[in-house]
Amino acid sequence: LLMLVIFFAIMLGVGFYSRRHATNVNDFVLGGRGVGPWLTAFAYGTSYFSAVVFIGYAGQFGWKYGLASTWIGIGNALIGSLLAWVILGRRTRVMSKHLSSATMPEFFGSRFHSQGMKIVASLIIFVFLIPYTASVYNGLSRLFGMAFDIPYSVCVMGMAILTAVYVILGGYMATAINDFIQGIIMLVGVAAMLFFVSESEQVGGFASGVTKVWESMCAQSDVLFTPQTALSVICLILLTSVGSWGMPQMVHKFYGIKNEDGVKKGTVISTLFALIIAGGAYYIGSLSRIFFTEVPTLDGKANYDLIVPQILTQTLPVILLGVVLVLVVSASVSTLSGITLTSCSTISMDLVADRVSKFAEDKAKTLTLTRVLCAVFILVSYLIASFKTPILPLMSFSWGTISGAFLAPYMLGLYWKGMNRAGAWCGMITGPVVSLGLALLSGFNSAYATIFGVAAMAVSFLACWIGSLV
């Protein structure tokens, strides 16, 4: 409790400190385009990984795929971080500055000369990032409930209020500074988790743990060593790694970086950060069958979200459980703040300010509107999270739909001169239609969510290409 109180006090302090640096919309949304490589890299990494990875993905896929799940973490580091920075980092910074765009919808509007595309992109971001945010609240509250026996609703409400206060006060600079602090906490926490879980009585050391998990996998070879399992793991890597390239809260970090030299340094820092965080999380999840013979239950139903919290409560000393709790809070709050800021700035700047003259003429009113929308966004996410929906379906369908809509138009818009407005519209419409259409046909079956997301991204690229050529 003491650790959490100190952590919350620091976050709020940063929010109040950053308020003086968020006097206009550009400062609030981009930090004045003056954020250094360390802050940007940590902001990217902490926005990438949240309670969804530690509690939802690591637990479920570690149980299902054993050691093979660690490939997802490696893919997140090499594809989701390293390649993302190499391919998108510099070009995004240069083109967004050239086009005077502070958000992804604004980039689409300027690049393809379409106000309609700008509006549609803003609405997609606002609507489909809400369930993603709800999944983060959900995962965070699971761990709080395990550690302190605090009611789920109280946990969700507390995190919503905390996030609202420091984002509304300080904007992007507050989130960047806090992300750096939270990133350090995450690195320390993951190192502690890896050591104590591996050295626990149940695991008996790293080598012993790997051997035990491998033996467990061999006992289920008819389930694990199949083409279907391989396809599932590959789709997960693609959705969570390549899919991040089209997520606006991730790409947004490249807009605010100070200079091109910062992009090079940020690439290395971000990749190492992702390798430690994601690789560590999935490795711990892969040990789940050493601790359990069956999935833990909640209200009589198997619940994968309980696997990692119960492993930690069995293996970590109380003081380190506090560190890990702060770790998951750090990962989650940084993701929440990044999503909230991205979603609300698109509505205020790209939808309202362009349509209502008093907001276009008075930047102070646009800044106030952004702050109000942040509060509304957090409130709606809190209400959805209150229904205790499992993490994975919320995350996968949200991520797949947004990536399906934006990845192809954005990436091709950066690199291909032949990419035009018609092609961008084809991709932006086709991606969500495929993702949501397949989800409806399957009855929103979470078992196929990742495959639907990857299919949406692939079809969107094809649609952009054909649409532009026609």
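Predicted model only: the values in this text are computed from it and were never measured.

About the thresholds
- Residues numbered from 1 in each chain as written.
- Predicted model: local features only at pLDDT ≥ 70, side-chain atom pairs only at ≥ 80, totals over all residues.
- Heavy atoms only, no water.
- Helix = DSSP H or I, 4+ residues; strand = E, 2+ residues; numbered from the N terminus.
- Buried < 20%, exposed > 50% of the residue type's maximum accessible area, 1.4 Å probe, protein only.
- Areas by Shrake-Rupley, 256 points an atom, 1.4 Å probe, with all protein chains shown as cover.
- Axes fitted to C-alpha atoms, helices over the stretch in contact; angles between N-to-C directions.
- Parallel < 35°, antiparallel > 145°, perpendicular 65-115°, else oblique.
- Left-handed = near helix turned anticlockwise from the far one by under 90°.
- Nonpolar A, V, L, I, M, F, W, Y, C, P; charged D, E, K, R; others polar.
- Phe/Tyr/Trp six-rings, centres within 6.5 Å; stacked < 30°, edge-to-face > 60°.
- Lys NZ or Arg CZ within 6 Å of the ring centre and 35° of its normal.

S.K.: Any chance you could break down the overall build of the chain for me, citing the residues and the numbers?
M.R.: Check the secondary structure of the chain and you find 21 helices and two strands. Counting only residues that meet the buried cut, the chain has 61% of its 470 residues in that class. A total accessible area of about 17,400 Å² is found for the chain, and carbon and sulfur atoms account for 69% of it.

S.K.: Please give an account of unusual backbone geometry that cites residues and values.
M.R.: Leaving glycine out, the prevailing phi sign among residues is negative, and the prevailing peptide bond configuration is trans. Positioned with a positive phi, Ser 100 is a non-glycine residue whose angle comes to about 55 degrees. Mapped onto the elements, Ser 100 comes out in the loop between helix H5 (70-98) and helix H6 (104-111). Its relative accessible area of 55% is what places Ser 100 among the exposed residues. The phi torsion at His 113 lies on the positive side, around 50 degrees, for a residue other than glycine. The topology assignment puts His 113 in the loop between H6 and helix H7 (115-148). By relative accessible area, His 113 is classed as exposed at 63%.

S.K.: Explain H6 to me, using residue names and the numbers behind them.
M.R.: Here H6 lies mainly inside the structure; seven of its eight residues are buried. Trailing H6 by a residue or two, His 113 shows a phi angle of about 50 degrees, which is positive.

S.K.: Go over the packing of H5 against helix H13 (residues 260-286) with me, naming the residues and quoting the values.
M.R.: The packing of two helices is summarised by the inter-axis angle and the distance between the axes. Two elements in contact, H5 and H13, have axes separated by 8 Å at closest approach and are oriented at 165 degrees. Relative to H13, H5 is oriented roughly antiparallel. The two elements H5 and H13 cross, and the hand of that crossing is right-handed. When its residues are assigned to classes, the contact of H5 with H13 shows 12 nonpolar, 11 polar and three charged.

S.K.: Please set out the packing of aromatic side chains residue by residue, giving values where relevant.
M.R.: Considering all chains together, one arrives at 17 aromatic pairs under this definition. Ring geometry for Tyr 48 against Phe 49: centres 4.4 Å apart, planes inclined by 10 degrees, an arrangement best described as stacked. Grouping residues by exposure puts Tyr 48 and Phe 49 together as buried. Between Phe 206 and Tyr 283, the aromatic rings sit 5.3 Å apart at their centres with planes inclined by 35 degrees, giving tilted as the arrangement. Of this pair, Phe 206 sits in helix H9 (residues 206-219) while Tyr 283 sits in helix H13; the two residues are 77 residues apart in sequence, bridging distant segments of the chain. Grouping aromatic residues by their ring pairs yields a cluster made of Tyr 44, Tyr 48, Phe 49, Trp 85, Phe 254 and Trp 399. One residue, Arg 91, lies across the ring of Tyr 415, its end atom 4.5 Å from the ring centre. The ring of Trp 63 carries Arg 289 above its face, with NZ or CZ at 3.9 Å from the centroid.

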